[in-house]
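# Commentary on secondary and tertiary structure
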Amino acid sequence: MNRIIRQATPADMTGILKVMDAARQTMRASGNLHQWGDSYPSEEIITSDMERGGGLVMEEEGCVVAYFAFLASPEPTYAKIYDGRWVDDKLPYHVIHRIASFPDVHHVFHDIMEYAFSKDGNIRIDTHCDNHIMQHNIKKHGFTYCGIILLASGDERLAYQKII
């Protein structure tokens, strides 16, 4: 298997949107009915990730099979945390958002974590309370549950951090 992680480009948008559709279907099939409505993440959000230098694709044999955002701090929605605290709230960090892949592509989360921790030893991530697949992967990779953050919309997310 020839798998690479690279910066996404506008030419990747069709493939990224297909990955997002597949991820939404996986969420719904696993009981996560409320995260990522029909139009999230939008083309505009993905384009913004790219413009910030943090829109990344995972590619196998020349085809986009996964997408994620890897963005440098600060993350505005992480400024206040409820019912807990960050492992460290002083050091710069990177945040991972919008992980999506085709369901038949395996070890995506693991490969993303290897990539992320090769770039920064302080990573934060959050997920919906109904996203049990993501919660399992986050815990399996040694993240510490820190509390609840609120999105700009007011929706709650479970927040995690890992420092190596």
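Shown above is the structure to which this text applies.
For clarity, every value in this text was computed on a predicted model and none was experimentally measured.

## Some details on the overall build of the protein
The helix and strand tally for the protein stands at four helices and seven strands. For the protein, the sequential pattern of α-helices and β-strands runs β-α-α-β-β-β-α-β-α-β-β. Reported as C-alpha extents along the three principal axes, the dimensions of the protein are approximately 40 × 35 × 30 Å. Taken across its 164 residues, the protein has 50% of its residues classed as buried. Considering only contacts within the protein whose residues lie at least 6 apart along the sequence, 69% involve residues at least 24 apart.

## A short note on the packing of helix 1 (residues 13–29) against helix 2 (residues 43–51)
Remark: helix 1 packs on helix 2, axes separated minimally by 11 Å, with the N-to-C direction vectors making an angle of 120 degrees. When the interaxial angle is binned, helix 1 and helix 2 end up oblique. As helix 1 packs across helix 2, the resulting crossing turns out to be right-handed. Where helix 1 abuts helix 2, its residues M13, I16, L17 and M20 lie against E43, I46, T47 and M50. Counted by class, the contact of helix 1 with helix 2 contains six nonpolar, one polar and one charged residues.

## Some words on the pattern of salt bridges
All chains considered together, the criterion is met by seven salt bridges. In this structure, D12 and R6 form a salt bridge, with 2.8 Å as the shortest nitrogen-oxygen distance. Here R6 falls in the partly exposed class, since its relative accessible area comes to 23%.

## Here's the deal with a nonpolar patch on the surface
A cluster of nonpolar side chains, namely V87, L91 and I163, defines an oily patch on the protein surface of about 240 Å² accessible area. Along the chain, V87 turns up in the loop between strand 3 (63–72) and strand 4 (94–101). Of the residues examined, V87 reaches a relative accessible area of 42% and is grouped as partly exposed.

Each value, and the rule that gives it
Residues numbered from 1 in each chain as written. Predicted model: local features only at pLDDT ≥ 70, side-chain atom pairs only at ≥ 80, totals over all residues. Heavy atoms only, no water. Helix = DSSP H or I, 4+ residues; strand = E, 2+ residues; numbered from the N terminus. Buried < 20%, exposed > 50% of the residue type's maximum accessible area, 1.4 Å probe, protein only. Contact = heavy atoms within 4.5 Å. Axes fitted to C-alpha atoms, helices over the stretch in contact; angles between N-to-C directions. Parallel < 35°, antiparallel > 145°, perpendicular 65-115°, else oblique. Left-handed = near helix turned anticlockwise from the far one by under 90°. Nonpolar A, V, L, I, M, F, W, Y, C, P; charged D, E, K, R; others polar. Salt bridge = Lys/Arg side-chain N within 4 Å of Asp/Glu carboxyl O. Patch = residues over 30% accessible without salt bridge, like charges linked within 9 Å, V, L, I, M, F, W, Y side chains within 5 Å. Areas by Shrake-Rupley, 256 points an atom, 1.4 Å probe, with all protein chains shown as cover.

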